[in-house]
Amino acid sequence: LNVVFAISTLVGLTAPTSIALAQSSGVTPGQWEIAVTIDSMTMQGAPAGIAQMMVGKTTRVKHCITPAQAARGPQDLIRTDKSCVFSRYAMTGGKLSSEMTCKRGGGAMTTSSSGSFTATGFTVIGRSASTGAMPMTMTATSVGRRIGAC
C-alpha cells in the first residue's frame, strides 16, 4: 500500500462520512470543503525522512453531495474502494466512531475514526495502519464545512 492510497482512504473515510452524518442531522446536500492534515506517519522500509516529509501536509478536496447520494447513507459514501468493509460503525448525538478495512495490492489498511459533527461542519481524527510491502501507520485530522450549493 502506498501513501496516496492511505491518504485517499483517510479522506474517503472522514469526509463523506461526516457529510452524510450532517445530512442525517438536517443539513441539505451541497458543496463541502474538506481539509485533511497528516498529524503523524511512520513507514517501515522507506528511505529516511520520507514519512516525516508528509507530516503537517494538508490536502483539500471539495465534494458535492446530491440528495440521491445522501439518501444512500453514510456507509456507502465512506467506501473509497470496493474492498472496504466496516467492522464497527456508530453514529449518535453528534459523535462518530467507526473502523473500516480496505484490501489492496497484497496488503490491507485498517482505519479507525472518531469525531464530532454539527449541521454545518465536522472534525474527525483517523488512525490508520497498513500491512504489505511497506507497512505504515498514520494519524490525520479532517475538518470540513458546507460551503454552499453544488
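Remember, predicted model here, so these are calculated numbers, not experimental data.

Regarding the overall build of the protein
Regarding its fold elements, the protein presents 4 helices and 7 strands. For the protein, the α and β elements follow one another from N to C terminus as α-β-α-β-α-α-β-β-β-β-β. Expressed as a percentage of the 150 residues in the protein, the buried residues total 44%. Long-range contacts, defined as pairs at least 24 residues apart, comprise 56% of the intrachain contacts of the protein with a sequence gap of at least 6. Summing over all exposed atoms, the protein offers an accessible surface of approximately 7100 Å²; the carbon and sulfur share of this is 56%.

What about the pairing of strand β4 (residues 95–104)?
Pairing geometry for strand β3 (residues 85–92) and β4, over 7 bridges, is antiparallel. Note that in β4 the partner of R88 across the bridge is E99. If you look at the hairpin formed by β3 and β4, you'll find 2 residues sitting between the two strands, and G93 has a positive phi there, around 55 degrees. Here β4 runs beside strand β5 (residues 107–117); their pairing, made up of 10 bridges, is antiparallel. Pairing of K95 across the sheet is with S116, part of β5. The antiparallel pairing of β4 with β5 creates a hairpin that spans 2 residues between the two strands, and G105 there sits at a positive phi of about 55 degrees.

Digging into the pattern of salt bridges
When the charged atoms of two side chains with opposite charge come close together, those side chains can pair. This model, assessed by the stated rule, comprises 1 salt bridge. Between R145 and E33 there is a salt bridge whose closest N-O contact spans 3.2 Å. Note that R145 is positioned in strand β7 (residues 136–148) and E33 in strand β1 (residues 31–43), a separation of 112 residues in sequence. Classification of R145 as partly exposed rests on a relative accessible area of 45%.

Remarks on the confidence of the model for the protein
Averaged over the protein, the pLDDT score is 77; the fraction of residues at 70 or greater is 73%. Of all the helices and strands in the protein, helix α1 (residues 3–24) carries the lowest mean pLDDT, 48, while β1 carries the highest, 91. Scored below 50 in pLDDT, residues 13–26 shows 45 contacts in the model against residues more than four places distant or in partner chains.

Things to note about the packing of aromatic side chains
As enumerated under the stated definition, the model contains 2 aromatic pairs in all. Pairing F86 with Y89 gives two aromatic rings, centres 5.6 Å apart and planes at 80 degrees, and the pair type is edge-to-face. Among the residues examined, Y89 registers a relative accessible area of 25% and is labelled partly exposed.

Remarks on the pairing of β7
As a general feature of sheets, a regular strand has side chains that alternate between the two faces. In terms of strand pairing, β1 meets β7 through 12 bridges, oriented antiparallel. Among the inter-strand pairings, I38 is bridged to a residue of β7, identified as A140. Here strand β6 (residues 121–130) hands over to β7 after 5 residues, with G132 in that stretch at a positive phi of 125 degrees.

With respect to the environment of A140
Following the sequence through the fold, A140 ends up in strand β7. Sequence-wise, A140 and V124 are 16 residues apart; in three dimensions their C-alpha atoms are separated by 8.4 Å.

Some details on the state of the cysteines
All told, the structure shown has 2 disulfides when counted by the stated rule. C64 shares a disulfide with C150; S-S distance 1.8 Å. As the torsion about the S-S bond is roughly 110 degrees, the C64-C150 disulfide counts as right-handed. Of the two residues, C64 sits in strand β2 (residues 58–64) while C150 sits in the segment after β7, which places them 86 residues apart along the sequence. Each sulfur of the disulfide joining C84 and C102 lies 2.0 Å from the other. Judged by the sign of its S-S torsion, about 110 degrees, the bond between C84 and C102 is right-handed. In this pair, C84 sits in the loop between α4 (74–78) and β3 while C102 sits in strand β4, placing the two residues 18 residues apart along the sequence. We note that C84, like C102, is buried. Counting only the cysteines that take part in disulfides, in the order they occur along the protein, gives the pairing 1-4, 2-3.

Parameters and conventions
Residues numbered from 1 in each chain as written. Predicted model: local features only at pLDDT ≥ 70, side-chain atom pairs only at ≥ 80, totals over all residues. Heavy atoms only, no water. Helix = DSSP H or I, 4+ residues; strand = E, 2+ residues; numbered from the N terminus. Buried < 20%, exposed > 50% of the residue type's maximum accessible area, 1.4 Å probe, protein only. Contact = heavy atoms within 4.5 Å. Areas by Shrake-Rupley, 256 points an atom, 1.4 Å probe, with all protein chains shown as cover. Pairing = 2+ DSSP bridges. Salt bridge = Lys/Arg side-chain N within 4 Å of Asp/Glu carboxyl O. pLDDT = per-residue confidence, 0-100. Phe/Tyr/Trp six-rings, centres within 6.5 Å; stacked < 30°, edge-to-face > 60°. Disulfide = S-S within 2.5 Å.

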